[in-house]
Amino acid sequence: MKVVNLKQAILQAWKERWSDYQWAINMKKFFPKGATWDILNLAEALLEQAMIGPSPNPLILSYLKYAISSQFDDFSRDLCVQALLDIMDMFCDRLSCHGKAEECIGLCRALLSALHWLLRCTAASAERLREGLEAGTPAAGEKQLAMCLQRLEKTLSSTKNRALLHIAKLEEASSWTAIEHCLLKLGEILANLSSPQLRSQAEQCGTLITSIPTMLSVHSEQLHKTGFPTVHAVVLLEGTMNLTGETQPLVEQLMMVKRMQHIPTPLFVLEIWKACFVGLIESPEGTGELKWTAFTFLKIPQVLVKLKKYSHGDKDFTEDVSSAFEFLLKLTPLLDKADQRCNCDCTNFLLQECSKQGLLSEASTNNLMAKRKADREHAPQLKSDENANIQPNPGLILRAEPTVTNILKTMDADHSKSPEGLLGVLGHMLSGKSLDLLLAAAAATGKLKSFARKFINLNEFTTHRSEESTKAASVRALLFDISFLMLCHVAQTYGSEVILSESNTGGEVFFFETWMQTCMPEEGKILNPDHPCFRPDSTKVESLVALLNNSSEIKLVQMKWHEACLNISAAILEILNAWENGVLAFESIQKITDNIKGKVCSLAVCAVAWLVAHVRMLGLDEREKSLQMIRQLAGPLYSENTLQFYNERVVIMSSILEHMCADVLQQTATQIKFPSTGMDTMPYWNLLPPKRPIKEVLTDIFAKVLEKGWVDSRSIHIFDTLLHMGGVYWLCNNLIKELLKETRKEHTLRAVELLYSIFCLDMQQVTLVLLGHILPGLLTDSSKWHSLMDPPGTALAKLAVWCALSSYSSHKGQASSRQKKRQREDIEDYISLFPLDDMQPSKLMRLLSSNEEDANILSSPADRSMSSNLSASQLHTVNMRDPLNRVLANLFLLISSILGSRTAGPHTQFAQWFMEGCVDCLEQGGRGSILQFMPFTTVSELVKVSAMSSPKVVLAITDLSLPLGRQVAAKAIAAL
């Protein structure tokens, strides 16, 4: 009897009595050993896998491994090979295993061995065909090669099989290396064959094999959308509120958004440019406009240089940037409006800067410039007559950037050797808008901290005096005043953390840092006018009061300006008391205030700093004289006898005083004119309408933003103000309520993108509130489940995933400067909410159900013995004292419980949407992702959900770097 008939006979018998292992072993007695024995060994084991029935016998599984490892190498025995290929045909597209995890891992390894054998068989067949062609007898080899390729294609076309092979590859790296060698060998042999069909078939199989290690990293990009409000808002937020921030956190945040929303690179870059042009158009005149110009033309090209490193290739990225500009050139109204605002061809400046940074080829740059130039010729007149002689800001900013570097070098010199030369440089900086231009350029290029440090050193240098002439005393007074005013201006424009960020290595405490921390009014900082810092040496205060009251003007020689600045607060208190008690007349007050602001403006700044703190403590009817004194100090002194650069210094002083007084004046709607600043009102101040509840303001502004489709600069400031006033929980809770009210799908999706961008104001704290309080409250209260239905429920799940991913990817880094300003509110003691003792049930788990049985619903008995409720994070020993880690771990425990519960409802659907969102946004599961906090037992619950029962999902949600993760994945996939 032929071998193939024997095979068919025994297969038929096995089909009838396949579970009787001993019978199958005994049947082998009737067959000769050798090749047939190997075939039957393999047939026995593979049939066990292919049949539908109870779990396979572990002995048969171990026998399978033996059968394949015996490596049937004699590929010249056509009938034996054909029989083996026929048997493979029976199992290769319908593998399953319902046994233990170890058995499922065995199946993965067996499949990998079978693939290796099949590749070797294919290579041998191709070699035979080549030899046959040379000998003129191709038939046999061609038939066998076609059969091998057919089985390869059938095996690899199954996603389930590729997933099992993916697990096997991680289990046995050496076997995978052997497969890669086989592929190379096969490619070399097939390259010499004339049959295009066989070659094409083999290449397709090879592509499928090489794609196995990357099968999770392929995502389809969004091509049906052209606008991305989240990218737009992230860029606007950074340009409006965080020019001094490091570029790396912004790059990572943008890349996170790009990945989460699957945005194609050209449209991603286009959205960044669109946001920049909108920012330029919307920015308030003065400092705000200069900051946006520096952000657009200096910082964003640097951001793109870093984004280029995330790209697959330099050439691809430059082509994407070029495509983005092609799209941008079609937005003519936007570009024309920006050109009109900036009084120049903005696109031209931008293209030059991108070309300089290697983001565009020279040919692309010239082509794009020519297109924009032609477009501008057809545009309405972009330059008005009154602006004809005004130099455009983009050009000024780009020229200011190298000037910053030169000034930093100048400031490094020994100040004692040429103080007059240094004064000339600083005086030049004060003229017009030079200072703001230089500061904006320094901020956008990361040099502002260094800039501020050098001015602190200069200011400190002026406090150490030696014997000096009148001229030297005048220079010293001016260097003290200019450095003091510049530092105040930097702190108010860019945040005090720019000044305080770099600590001294020597441990010396400098005068300006001390004064700023203790005496300078800032947003959100309440000063106590009775604090000891305002009560210095009483004898020095008395002499200062006498000096201000009696002298016609202050003598400069040997004057200790830093001491005068520290003593002025107590002096002002005495003078104010004397005025209020009728001891001093208003004429004396005028003379005193003229003396205070007559030589150095710093004294007036320090005096007003105390007056602002003092006014806060007074009743409305007690404030008049203090406010009048502020008015006297705010205006310039019209005198011939002032020091050099007085008018320029007064302009900066007026701006500083206006910032200091803003809060106090807003409280009582008091008017103080600060004429020197050249502005009617400070931009973004007095944003909230008076006498209106902030809840109404919040819902109103969110409705407007939702209707418009993007968050503009003014709205960002309003949300930031509301965040300060209401706190993180209040803002987050009320905005989530607004989201859950939406019933139209397109509105909810738009709301998610906008809410994420608003939450970027303080993403870390918002995430803790959202995942630790709001979601558990919705998921554990059955009366609120109706609000989680589609579409708002789907949207909330997506938003939660985005926030979790963003916070987890960045929470080890530094908080941005805008977030450091805000006082941290104690949301709740996370340690008590989520106890560290794993034996003690957390508050969340106690909320889940009143049923006694529900403590065990998270897993089947078999799974419980395997992994309890272990998660990858526990095996990686992630620090659970970190609030975000605790919140994530407990949220995933809650989701696992919901999915395994016998009670279904909208909350069950929400848990599924949340998990789908995690899979959708992650390129690869495993260590470092939020999914490491998911208990392994969740996997078996998820695969019961039709939408989640795919091999790719299982691979994505399990940590395959861990042996236990691979076992869980193999078990879930083998059971599909």
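On a predicted model such as this, the values are computed, not experimentally measured, just so you know.

Cut-offs used in this document
Residues numbered from 1 in each chain as written. Predicted model: local features only at pLDDT ≥ 70, side-chain atom pairs only at ≥ 80, totals over all residues. Heavy atoms only, no water. Helix = DSSP H or I, 4+ residues; strand = E, 2+ residues; numbered from the N terminus. Buried < 20%, exposed > 50% of the residue type's maximum accessible area, 1.4 Å probe, protein only. Contact = heavy atoms within 4.5 Å. Expected span 1.5 Å × (residues − 1). Salt bridge = Lys/Arg side-chain N within 4 Å of Asp/Glu carboxyl O. Axes fitted to C-alpha atoms, helices over the stretch in contact; angles between N-to-C directions. Parallel < 35°, antiparallel > 145°, perpendicular 65-115°, else oblique. Left-handed = near helix turned anticlockwise from the far one by under 90°. Nonpolar A, V, L, I, M, F, W, Y, C, P; charged D, E, K, R; others polar. pLDDT = per-residue confidence, 0-100.

**Q** Hey, could you run me through the overall build of the protein in this one?
**A** Scanning the protein from terminus to terminus reveals 47 helices and zero strands. For the protein, buried positions account for 56% of its 976 residues. Nonlocal contacts in the protein, meaning residues at least 24 apart in sequence, comprise 79% of its contacts between residues at least 6 apart.

**Q** Would you mind going over the environment of glutamate 127 with me for this structure?
**A** Mapped onto the secondary structure, glutamate 127 falls in helix α6 (residues 101-135). Using a relative accessible area of 22% as the deciding quantity, one classes glutamate 127 as partly exposed. Once the C-alpha coordinates of glutamate 127 and leucine 190 are considered, the two residues, 63 residues apart in sequence, prove to be 8.4 Å apart.

**Q** Whenever I open this one, helix α28 (residues 586-598) confuses me. Can you help?
**A** Along an α-helix, residues three or four apart share an orientation, since each turn contains 3.6 residues. Taking 1.5 Å as the rise per residue, α28 with 13 residues should run 18 Å; its terminal C-alpha atoms sit 18 Å apart, in good agreement. Taken as a whole, α28 has its buried residues at Ile589, Ile592, Thr593, Asn595, Ile596, Lys597 and Gly598.

**Q** What is the right way to look at unusual backbone geometry in this model?
**A** The bulk of non-glycine residues show a negative phi, and the bulk of peptide bonds are trans. With an omega of 10°, the peptide bond between aspartate 790 and proline 791 qualifies as cis. Assignment of secondary structure puts proline 791 in the loop between α36 (763-780) and α37 (792-810). Even without being glycine, histidine 262 reaches a positive phi, approximately 50°. Within the secondary structure, histidine 262 is located in the loop between α12 (247-260) and α13 (265-282). We classify histidine 262 as buried; its relative accessible area is 10%. Although it is not a glycine, asparagine 343 sits at a positive phi angle of roughly 65°. Mapped onto the elements, asparagine 343 comes out in the loop between α16 (332-342) and α17 (346-356).

**Q** So what exactly am I meant to see when it comes to the pattern of salt bridges here?
**A** Pairing between side chains of opposite charge can happen when their charged atoms approach one another. The final tally for this structure, using the stated rule, is 22 salt bridges. For arginine 341, the salt bridge goes to glutamate 289, with nearest N and O atoms at 3.0 Å. Residue arginine 341 is found in helix α16, and its partner glutamate 289 is found in helix α14 (residues 287-310); the two are separated by 52 residues along the sequence. The shortest N-O distance in the salt bridge between lysine 741 and glutamate 738 comes to 2.9 Å. Note that lysine 741 and glutamate 738 are positioned in helix α34 (residues 728-741) at a spacing of three residues, about one turn of the helix. For lysine 741, a relative accessible area of 57% puts it in the exposed group.

**Q** Would you explain the side chain of serine 626 in this entry?
**A** Within the secondary structure layout, serine 626 lies in helix α30 (residues 624-634). Looking at serine 626, the relative accessible area reads 0%, which means it is buried. When residues no more than four places from it in sequence are discounted, the contact partners of serine 626 are Leu576, Leu611, His614, Val615 and Leu618.

**Q** I'm lost on the packing of helix α19 (residues 393-411) against helix α20 (residues 419-430) in this one. Help?
**A** A pair of packed helices can be characterised by two numbers: the angle between their axes and the separation between those axes. Contact pair α19 / α20: the axes reach a minimum separation of 11 Å and the direction vectors enclose 150°. Here α19 lies roughly antiparallel to α20, going by the angle between them. Relative to α20, the crossing made by α19 is left-handed. Where α19 approaches α20, its residues Ile407, Thr410 and Met411 are matched on the opposing element by Leu422, Val425, Leu426 and Met429. Of the residues that constitute the contact of α19 with α20, the class distribution is six nonpolar, one polar and no charged.

**Q** How do you make sense of the packing of α13 against α14 when you look at a structure like this?
**A** Two elements in contact, α13 and α14, have axes separated by 10 Å at closest approach and are oriented at 165°. By the criterion of interaxial angle, the relationship of α13 to α14 is roughly antiparallel. Note that α13 runs across α14; the crossing there is right-handed. Together, Phe268, Val269, Ile272, Trp273, Ala275, Cys276, Gly279 and Leu280 of α13 and Trp292, Thr293, Phe295, Thr296, Phe297, Ile300, Leu304 and Leu307 of α14 make up the contact between the two elements. When its residues are assigned to classes, the contact of α13 with α14 shows 13 nonpolar, three polar and no charged.

**Q** How do you make sense of the environment of isoleucine 179 when you look at a structure like this?
**A** Tracing the chain through its elements places isoleucine 179 in helix α9 (residues 173-191). In the structure, isoleucine 179 is positioned 67 residues away from leucine 112 in sequence and 8.7 Å away in space, judged by C-alpha atoms. In this structure isoleucine 179 touches Leu112, Leu115, His116, Leu119 and Ile209, once residues within four positions along its chain are discounted.

**Q** I would appreciate a short explanation of the confidence of the model for the protein in the present structure.
**A** Atomic detail in the predicted coordinates should be set aside for any region of low pLDDT. Of all residues in the protein, 77% attain a pLDDT of 70 or more, and the chain-wide mean is 77. Low pLDDT (under 50) marks residues 13-42, which in the prediction has 50 contacts with non-local residues, meaning those over four places away or in another chain. pLDDT under 50 marks residues 677-681. Its contacts with residues more than four places away, or in other chains, come to five contacts.

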